[in-house]
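# Architecture and fold: a report
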Amino acid sequence: MSKVWNFYAGPATLPAEAIARAKADLPEWEGTGMSVMEISHRSKEYDALHHEAMDLMAELLGLDDDHHVLFLQGGASLQFAMIPMNFIPEGGSADYVITGAWSKKALKEAKIVASGRVAATTESDGRFTRIPGQDELDLDPSAAYVHITSNNTIAGTQWHEFPDTGDVPLVGDMSSDLLWRPFDANRFSLIYAGAQKNLGPSGVTVVIVRKSWLEQANQELPTLLKYATHVEKDSLYNTPPTFPIYMLRNTLAWVKAQGGLEAMERRNRAKADRLYGVIDGHPGFYSCPVEKASRSVMNVVFRLPSEELEARFVAEAKEAGLVGLKGHRSVGGCRASIYNAMEPEGVEALCRFMEAFAAKHG
Ligand SMILES: *Cc1c(COP(=O)(O)O)cnc(C)c1O
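I will try to describe carefully the structure that is included in this document. This is a predicted model, so every value here is computed, not measured.

Conventions adopted
Residues numbered from 1 in each chain as written. Predicted model: local features only at pLDDT ≥ 70, side-chain atom pairs only at ≥ 80, totals over all residues. Heavy atoms only, no water. Helix = DSSP H or I, 4+ residues; strand = E, 2+ residues; numbered from the N terminus. Buried < 20%, exposed > 50% of the residue type's maximum accessible area, 1.4 Å probe, protein only. Contact = heavy atoms within 4.5 Å. Pairing = 2+ DSSP bridges. Axes fitted to C-alpha atoms, helices over the stretch in contact; angles between N-to-C directions. Parallel < 35°, antiparallel > 145°, perpendicular 65-115°, else oblique. Nonpolar A, V, L, I, M, F, W, Y, C, P; charged D, E, K, R; others polar. Near = heavy atom within 4 Å. Polar contact = N/O pair within 3.5 Å; in protein donor to acceptor, adjacent residues only side chain to side chain. Areas by Shrake-Rupley, 256 points an atom, 1.4 Å probe, with all protein chains shown as cover.

The helix and strand tally for the protein chain stands at nine helices and 15 strands. The C-alpha extent of the protein chain, read off along each of the three principal axes, is 60 × 55 × 30 Å. For the protein chain, with 362 residues in total, the buried portion stands at 56%. Long-range contacts, defined here as pairs at least 24 residues apart, represent 68% of the contacts in the protein chain between residues at least 6 apart.

Our next topic: the pairing of strand β10 (residues 170-173). In β10, alternate side chains face the same way, and those of L170 and G172 on one face and V171 and D173 on the other are all buried. As paired elements, strand β7 (residues 146-149) and β10 share four bridges and run parallel to each other. Paired with V146 across the two strands is L170, which belongs to β10. Two strands pair when backbone bridges link them, and β10 and strand β11 (residues 190-194) are joined in this way by three bridges, in the parallel orientation. Note that in β11 the partner of G172 across the bridge is I191.

Further remarks concern the packing of helix α7 (residues 260-280) against helix α9 (residues 344-361). Remark: α7 packs on α9, axes separated minimally by 10 Å, with the N-to-C direction vectors making an angle of 0 degrees. Viewed along their axes, α7 and α9 adopt a mutual orientation that is roughly parallel. Residues R267, K271, R274, L275, V278 and I279 of α7 pack against P344, V347, E348, L350, C351, M354 and E355 of α9. For the contact of α7 with α9, a count of residues per class yields eight nonpolar, no polar and five charged.

Okay, the site of the ligand next. What surrounds the ligand is a group of 13 residues, the closest being S77, T153, D173, Q196 and K197. In this structure, an oxygen atom belonging to the ligand sits 2.5 Å away from a side-chain N or O atom of T153. Measuring from a nitrogen atom of the ligand, one finds a side-chain N or O atom of D173 at 2.6 Å. For the ligand, whose free accessible area comes to 390 Å², the fraction covered by protein is 87%. The biggest single contributor to the shell around the ligand is helix α3 (residues 75-87), with four residues. For the shell around the ligand, the per-class residue count stands at three nonpolar, eight polar and two charged.

The seven strands lie next to each other as β2-β12-β11-β10-β7-β3-β4, forming an open sheet whose pairing is mixed. Looking at the sheet topology across the chains shown, the edges are occupied by β2 (67-72) and β4 (116-121). Across the sheet, the mean angle from the axis of one strand to that of its neighbour is 20 degrees, orientation sign disregarded.

Before going further, it helps to spend a moment on the environment of A341. As for its position among the elements, A341 is in the loop between β15 (334-337) and α9. Note: C-alpha distance between A341 and A114 (227 residues apart in sequence) is 38 Å.

Remember that the coordinates give geometry; whether it matters functionally is a separate question.
This is the structure:
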């Protein structure tokens, strides 16, 4: 089989090194005589792996002692409900900044289990093409927290500077951009991310929670839906998704070996600059619907002059070994997801294909 460059939004491409390590480890892992999928989650070997993955995450993000890394299940989507269940007190409400389809889903769950309020929305004609400025935020000082979506996987927008929420705890859905660059993670009271975009395979959700915030959390909840349970038991209250956590460890080790988050940021910015350069360099053929200052470094969305040309572009790109370029079904167009693991060489191959396609059809 010839090399394929994978631009799917998620599950998404993983570092070749992480896959190769799994291939070598799979039949017999670390002298145990079995694979990591078969060993008890209470064994000392698994325990070491579990904590290595947590420690790597904390190290890469520079977390302080008050922030705890959790590995949960249920995807980012369960976090939409768990966060309001745990942190909105009786009669209280939380603020949501609506920048795309995922923020809307998060708000919907908050309204089911408690109460949520729109602090700002950039929806216009059913579309999201930008991130709001600080001056556009109508923040309630008594809100339980402010929720933002750091990268809008479908709309192709990204917060480049996080908002100032004063004393109100800040919560971030970072499912499609956690670890793309260094940032002050300790400013957040809670960060969550389904692993399958920028961190690993599907099946594990990374949550980083401020332990001192848990002192105010609701106690009358089912055991598994309480963050306190998972903090106390180090995400080993029940059987964790051991193989996804193993793959997450492989990816985190790869990020560290590459030089950590500073290296990721250099690599990601160079890829995004190259790709947006091709889009901007062919006005009238390629166009990006997103305002320049809000463009995502992870999910690059673009349009061609007609839906017919877009379908042809996606099909011909696939034949050329460039897969997963169709935009999300709700918005159409094209999307190239160029997460940490996407090699610069893959973006270069896409750019050359785009230049040739424009020369032929432009
Ligand atoms: C994909 C995605 C989700 C949903 O993740 P699941 O793990 O499928 O529940 C939530 N938020 C954002 C920003 C996403 O990109």
